[in-house]
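Here is what each chain is made of, one letter per residue.
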Amino acid sequence: MSSLNALLDAIQCEQIEGRESVLATVVKVEGSAYRRPGARMLVSQYGHPEGTISGGCLEGEVVRKAWWLSESGPVIRSYSTAEATDEEGGEEALGFGLGCNGKVYVLFERIPAKKQCALLDALRKVRNTQRPVAIATVIACSRNSRVDVGDRVFLESGAAPFSGLYHPALDERITTDLRLTLDRQKSSLQHYAEGSTEVEVFLEYVAPAPRLIIFGAGHDAQPLVRMAKILGWHVTVVDSRPHFARPERFPAADSVLSARIGGPFEFLELVEGAFVTVMSHSLSQDAHWLKGALQANPRYIGQLGPRDRTERLLAEIIRQTDRLPARDRLHYPIGLDIGGDTPESVAVAVLGEIQAVMHGRVGGSLKLRASTIHESDRIESSCSRRSSASEWQRS
């Protein structure tokens, strides 16, 4: 989300100046690649890029060719990360000699200077409302169809789809799969066939920024806030001590709150679906915040401090109530076992553990991982007739 925020800010600057720009989006990956589908990069009229779509190997080529590639409308180009350089008919695939044996498909499209853009509206809505959206983008289609590369359907949770294709039957099937995309919270590729029309569609799940709630405004919370903001997370700091809970101590935080303890926990809605750390270094504060978080519905709770301290806190909380629905999401001592005792190293360990939980990982060394680094983004197609993307690609 950090790159999305920066990208939207860059687009806004271009539009304020009345300038078009080009958006390059990774929509499909075969084999190994540094960025996954959904990665975006903006190229301004002056060639200034914002964002990345690779580890640095493709960006120069994208900057050089983005404008003329997109001058006639949205277009897909593929880039090879294999050792050999080759060209594939009509696709201008480029070999960069990286030896990764992968291929990256990139959608190039113009962002208008003045006119409304449905894609930007959807991305801005995700940022502003903290609600996810699912986006279906056509990335390949059969010739002479009523569907074009770059056509889109958008769906928000609990809302009707907007935009759409000039093909009602496809629209209906794609909308059904967009609802599944929102439910599964995972992007995928899908193929569809309706009569003589065949399309390949990138179903993208665009999630809002992860929300981190830090209970405790001590010195060790400061690097945690800074690093979380580098990742693009939405960060709230809460403390009962007004002299600690001051915005000037956490200039990067989205919100700094001073709240009393001793009464009812007043942050049930705030921690819903959020990642929570309890790190006030105060036994009374930690007891209050931890009890409240355990009775709410966060995605993660991390308690700072020695194991026996947390278990004493838990024993007292359990003595008061046995309704702790988030007990299985409690991690203590907080963080990954990476060593170090500075506030900065603790922040790295905490963010590493949260990142692992967020993606369903255990946080071990990649060299011990038996499967590939990135899970497959592909789901089974719902149609029986398939063609390759190069066969479907419109010139």
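Sequence order as written defines the numbering, with residues in each chain counted from 1. Local features in a predicted model are, by the rule used here, given only for residues with pLDDT of at least 70; side-chain atom pairs are given and counted only at 80 or more, and totals for whole chains, interfaces and linings are based on all residues. Water and hydrogen atoms play no part in the side-chain values, which are based on all heavy atoms of the structure.

Our focus in this paragraph is empty space enclosed by the protein. Using a grid of 1 Å spacing that covers the protein atoms alone, one calls a set of points a cavity when a 1.4 Å probe fits there but cannot get out, and a pocket when the set is open and has protein on both sides within 12 Å along at least five of seven lines; lining residues are those with an atom within 4 Å of a point. Grid points are joined across faces, edges and corners, and a volume is the space filled by probe spheres set on the points. Evaluation of the coordinates by the stated rule reveals two cavities of 30 Å³ or more. In this structure, the largest cavity occupies an estimated 50 Å³ of space. Every residue along the wall of the largest cavity is listed here: Ala122, Lys125, Val126, Thr129, Arg131, Pro132, Val133, Glu156 and Phe162. In this description a helix means any DSSP run of H or I spanning at least four residues, a strand means any run of E spanning at least two, and both kinds are numbered starting from the N terminus. In terms of residue count, helix H3 (residues 118-129) provides more of the lining of the largest cavity than any other element does, four residues in total. Under the grouping applied here, Gly and all other residues not named as nonpolar or charged are polar, the nonpolar ones being Ala, Val, Leu, Ile, Met, Phe, Trp, Tyr, Cys and Pro and the charged ones Asp, Glu, Lys and Arg. Residue classes in the lining of the largest cavity are distributed as five nonpolar, one polar and three charged.

The next subject is the sheet that holds strand E12 (residues 211-215). Within a beta sheet, neighbouring strands are joined by backbone hydrogen bonds and run either parallel or antiparallel to one another. In this description, strands pair whenever DSSP reports at least two bridges between them. Taken together, six strands build an open sheet; the order of strands is E14-E13-E12-E15-E16-E17 and the sheet is parallel. Two strands in the sheet have a free side with no partner beyond their single neighbour: strand E14 (255-258) and strand E17 (330-331). With four bridges joining them, E12 and strand E15 (residues 275-278) adopt parallel strand pairing. When the sheet's bridge partners are listed, isoleucine 213 is paired in E15 with valine 276.

Before going further, it helps to examine the pattern of salt bridges. Between Lys or Arg on one side and Asp or Glu on the other, a salt bridge is scored when a side-chain nitrogen of the former is within 4 Å of a carboxyl oxygen of the latter. One pass over the structure, following the stated rule, counts 18 salt bridges. Between glutamate 109 and arginine 152 there is a salt bridge, with the nearest N and O atoms lying 2.6 Å from each other. Taken together, the residues span a long stretch of sequence, with glutamate 109 in strand E6 (residues 103-111) and arginine 152 in strand E8 (residues 152-156) at a distance of 43 residues. We call a residue buried when its accessible area falls under 20% of the maximum for its residue type, exposed when it is over 50%, and partly exposed in between, using a 1.4 Å probe and counting protein chains only. In this structure arginine 152 comes out as buried when scored by relative accessible area, which is 10%. A salt bridge links glutamate 156 to lysine 125; the nearest nitrogen and oxygen atoms lie 3.2 Å apart. Here the residue glutamate 156 occupies a position in strand E8, and lysine 125 occupies one in helix H3, the gap between them amounting to 31 residues. Take glutamate 156: its relative accessible area is 17%, and that puts it in the buried class.

Its location among the elements puts serine 145 in the loop between strand E7 (133-141) and E8. Relative accessible area serves as the criterion here: at 11%, serine 145 is assigned to the buried category. We define a polar contact as two N or O atoms separated by no more than 3.5 Å, with the added condition that, inside protein, one atom must be a possible hydrogen donor and the other a possible acceptor, whereas residues neighbouring each other in sequence contribute only through side-chain atom pairs. A polar side-chain atom of serine 145 sits 3.2 Å from the main-chain carbonyl oxygen of serine 142. Engagement of the side chain of serine 145 in a polar contact is seen with the backbone oxygen of valine 147, the distance being 3.0 Å.

Right, let's get into the packing of aromatic side chains. Only Phe, Tyr and Trp rings are paired, with Trp represented by its six-membered ring, and only when their centres lie within 6.5 Å; those with planes under 30 degrees apart are stacked, over 60 edge-to-face, the remainder tilted. Here the structure, examined in full by the defined rule, presents nine aromatic pairs. Here the aromatic rings of phenylalanine 215 and phenylalanine 267 are separated by 6.0 Å at their centres, their planes lie at 55°, and the arrangement is tilted. Taken together, the positions of phenylalanine 215 in strand E12 and phenylalanine 267 in the loop between E14 and helix H6 (268-271) put the pair 52 residues apart, joining distant regions of the chain. With respect to burial, phenylalanine 215 and phenylalanine 267 carry one shared label: buried. Taking 6.5 Å as the distance between ring centres and 70° as the angle between the ring planes, the aromatic pair formed by phenylalanine 265 and tryptophan 289 counts as edge-to-face. Of this pair, phenylalanine 265 sits in the loop between E14 and H6 while tryptophan 289 sits in helix H7 (residues 283-294), placing them 24 residues apart in sequence.

On to unusual backbone geometry, then. The omega angle of the peptide bond from tyrosine 332 to proline 333 is -15°, so this bond is cis rather than trans. With respect to the helices and strands, proline 333 occurs in the loop between E17 and helix H9 (343-358). With a phi angle near 60°, serine 163 is a residue other than glycine that sits in the positive phi range. Accessibility expressed as a relative area gives 49% for serine 163, which makes it partly exposed. Despite not being glycine, glutamine 185 has its phi angle at roughly 55°, a positive value. Along the chain, glutamine 185 falls in the loop between helix H4 (168-184) and strand E10 (188-194).

To continue, consider the environment of arginine 323. For arginine 323, the location among the structural elements is in the loop between helix H8 (307-320) and E17. C-alpha separation for the pair arginine 323 and leucine 294, spaced 29 residues apart in sequence, amounts to 8.4 Å.

Below, the discussion takes up the sheet that holds E7. Read across the open sheet, the five strands follow the order E9-E8-E7-E11-E10; overall the sheet is antiparallel. What marks the edges here is a single partner per strand, and that holds for strand E9 (162-163) and E10. With five bridges joining them, E7 and E8 adopt antiparallel strand pairing. Within the sheet, the bridge partner assigned to alanine 134 lies in E8 and is leucine 155.

Moving on: H9. Between its first and last C-alpha, H9 extends 22 Å over 16 residues, near the 22 Å set by a 1.5 Å rise per residue. Among the residues of H9, those classed as buried are Ser345, Ala347, Ala349, Val350, Leu351, Glu353, Ile354, Ala356 and Met358. Buried residues along H9 sit against E12, helix H5 (221-230), E15, strand E16 (300-303) and E17. Two residues or fewer past H9, glycine 360 is found with a positive phi of approximately 70°. A helix's residues, less one, multiplied by 1.5 Å, set its expected span. Any pair of residues with heavy atoms lying within 4.5 Å of one another is described as a contacting pair.

Bringing the environment of leucine 203 into the picture now. Tracing the chain through its elements places leucine 203 in strand E11 (residues 197-206). Classification of leucine 203 by relative accessible area gives buried; the value is 0%. As a C-alpha pair, leucine 203 and valine 153 span 50 residues in sequence and 9.4 Å in three-dimensional space. Discounting chain neighbours no more than four positions away, the residues touching leucine 203 are Ile135, Ala136, Ile174, Asp177, Leu178, Thr181, Ser187, Ser188, Gln190 and Tyr192.

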